[in-house]
Amino acid sequence: MSLWLKILLCVVVCYLLGSVNGAIIVSKVRMHEDVRKKGSGNAGLTNFLRSYGGWMTLLVVVIDMGKVVLGCLLAQSFLKEIDPPVARMIAGVAVQVGHIFPVFFGFHGGKGVLCTGTLAIVMNWKIAAIAFTLFLIVFFVTRYVSLGSFVGVVSFATMLILQYHDNLWVCLLMAAMAVLVFFMHRGNIKRLLHGQERKTYFHKAKNEHEGG
């Protein structure tokens, strides 16, 4: 099998993994609802937390982080002809696209932040720790998950590109991943600029009071 065919097969498998959307599955199985019909209509962790809260939010995290880790492990094992960091990035981007545009759920999924954060851990846990710390600082100061996510994604992307500055594919895939996250948050960016973005608290009632 040619390398390009193996890459294509890997991308398809990882995309299908990404399409296993934790927020949608948990909301349907446990609440008998579709999280996309609640709150912001987004099938991501933040909307699930605002809409339902509780320990089942952790189940969403496990599912969505797990599929990234599994995809990276499969890619690194299957694509032995290329550098492991490139294989992991290919898997990460494919899983992210599947998460955002899940084939099993009408191509309407989440926004890919948790997938990006999980890939950060897989690529370099030290960089991930810095990016996550910056996310937490911005979030707890402003209570805007979106703003914290932007800071976290930009810091992760910048540090990873600096680390792999001599690896064109890693840099290009990382840039594509970051751009896709920002594209999916274009509505959040507009609301932030107009002071209309909703804040997130761990107490569900507080979220609803703030417009969640």
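Residues numbered from 1 in each chain as written. Predicted model: local features only at pLDDT ≥ 70, side-chain atom pairs only at ≥ 80, totals over all residues. Heavy atoms only, no water.

A. Molecular detail of the packing of aromatic side chains. Scanning the model with the defined rule gives 5 aromatic pairs in all. Relative to Tyr52, the ring of Phe48 has its centre 5.0 Å away and its plane inclined at 55 degrees; by these criteria the two rings are tilted. The same class applies to Phe48 as to Tyr52, namely buried. Taken together, Phe132, Phe135, Phe139 and Phe140 form an aromatic cluster joined through their ring pairs. A cation over a ring is seen here: Lys6 above Phe78, with NZ or CZ 4.9 Å from the ring centre. Between Arg186 and the ring centre of Phe183, over which it is positioned, the NZ or CZ distance is 4.1 Å. (Phe/Tyr/Trp six-rings, centres within 6.5 Å; stacked < 30°, edge-to-face > 60°. Buried < 20%, exposed > 50% of the residue type's maximum accessible area, 1.4 Å probe, protein only. Lys NZ or Arg CZ within 6 Å of the ring centre and 35° of its normal.)

B. Expanded view of the state of the cysteines. In this structure the tally under the stated criterion is 0 disulfides. The thiol of Cys10 is not disulfide-bonded; the next cysteine sulfur, from Cys14, is found 4.1 Å away. (Disulfide = S-S within 2.5 Å.)

C. Region of the structure containing the packing of helix H5 (residues 84-100) against helix H6 (residues 113-123). Axis separation between H5 and H6 bottoms out at 10 Å; the angle between their running directions is 165 degrees. Our classification of the angle between H5 and H6 gives roughly antiparallel. In terms of crossing hand, the pair formed by H5 and H6 is right-handed. Here H5 contributes Pro85, Arg88, Met89, Gly92, Val95, Gln96 and His99 to the contact with H6, which in turn contributes Cys115, Thr116, Leu119, Val122 and Met123. Of the residues assigned to the contact of H5 with H6, the class counts are 7 nonpolar, 4 polar and 1 charged. (Axes fitted to C-alpha atoms, helices over the stretch in contact; angles between N-to-C directions. Helix = DSSP H or I, 4+ residues; strand = E, 2+ residues; numbered from the N terminus. Parallel < 35°, antiparallel > 145°, perpendicular 65-115°, else oblique. Left-handed = near helix turned anticlockwise from the far one by under 90°. Contact = heavy atoms within 4.5 Å. Nonpolar A, V, L, I, M, F, W, Y, C, P; charged D, E, K, R; others polar.)

D. Molecular detail of H6. Three or more residues of H6 are buried, namely Cys115, Thr116, Thr118, Leu119, Ala120 and Met123. In the core, the buried residues of H6 are packed alongside helix H4 (56-78), H5, helix H7 (125-142), helix H8 (145-163) and helix H9 (168-184).

E. A look at the packing of H7 against H8. At a minimum axis separation of 8 Å, H7 and H8 run at an interaxial angle of 160 degrees. It follows that H7 is roughly antiparallel to H8 by the angle criterion. Seen from above, H7 lies across H8 with right-handed handedness. Seen from H7, the contacting residues are Ile127, Ile130, Ala131, Leu134, Phe135, Val138, Phe139 and Thr142; seen from H8, they are Val145, Leu147, Gly148, Ser149, Val151, Gly152, Ser155, Phe156, Met159, Leu160 and Gln163. For the contact of H7 with H8, the per-class residue count stands at 13 nonpolar, 6 polar and no charged.

F. Local environment of the nonpolar core. Counting residues in each nonpolar core, the largest one holds 34 residues, and the members touching the most others are Leu79, Met89, Ile90, Leu119, Phe156, Leu160 and Met174. Every element with two or more residues in this core is listed here: helix H1 (3-18), H4, H5, H6, H7, H8 and H9. The leading source of residues in this core is H5, at 8 residues. If we skip the residues at most four places from it in the chain, Leu119 touches Val68, Cys72, Arg88, Met89, Gly92, Phe156 and Met177. Counting 11 residues, the second largest nonpolar core, distinct from the first, contains Ile24, Val26, Phe48 and Val60. (Core = buried A, V, L, I, M, F, W, Y, C linked by side-chain atoms within 4.5 Å.)

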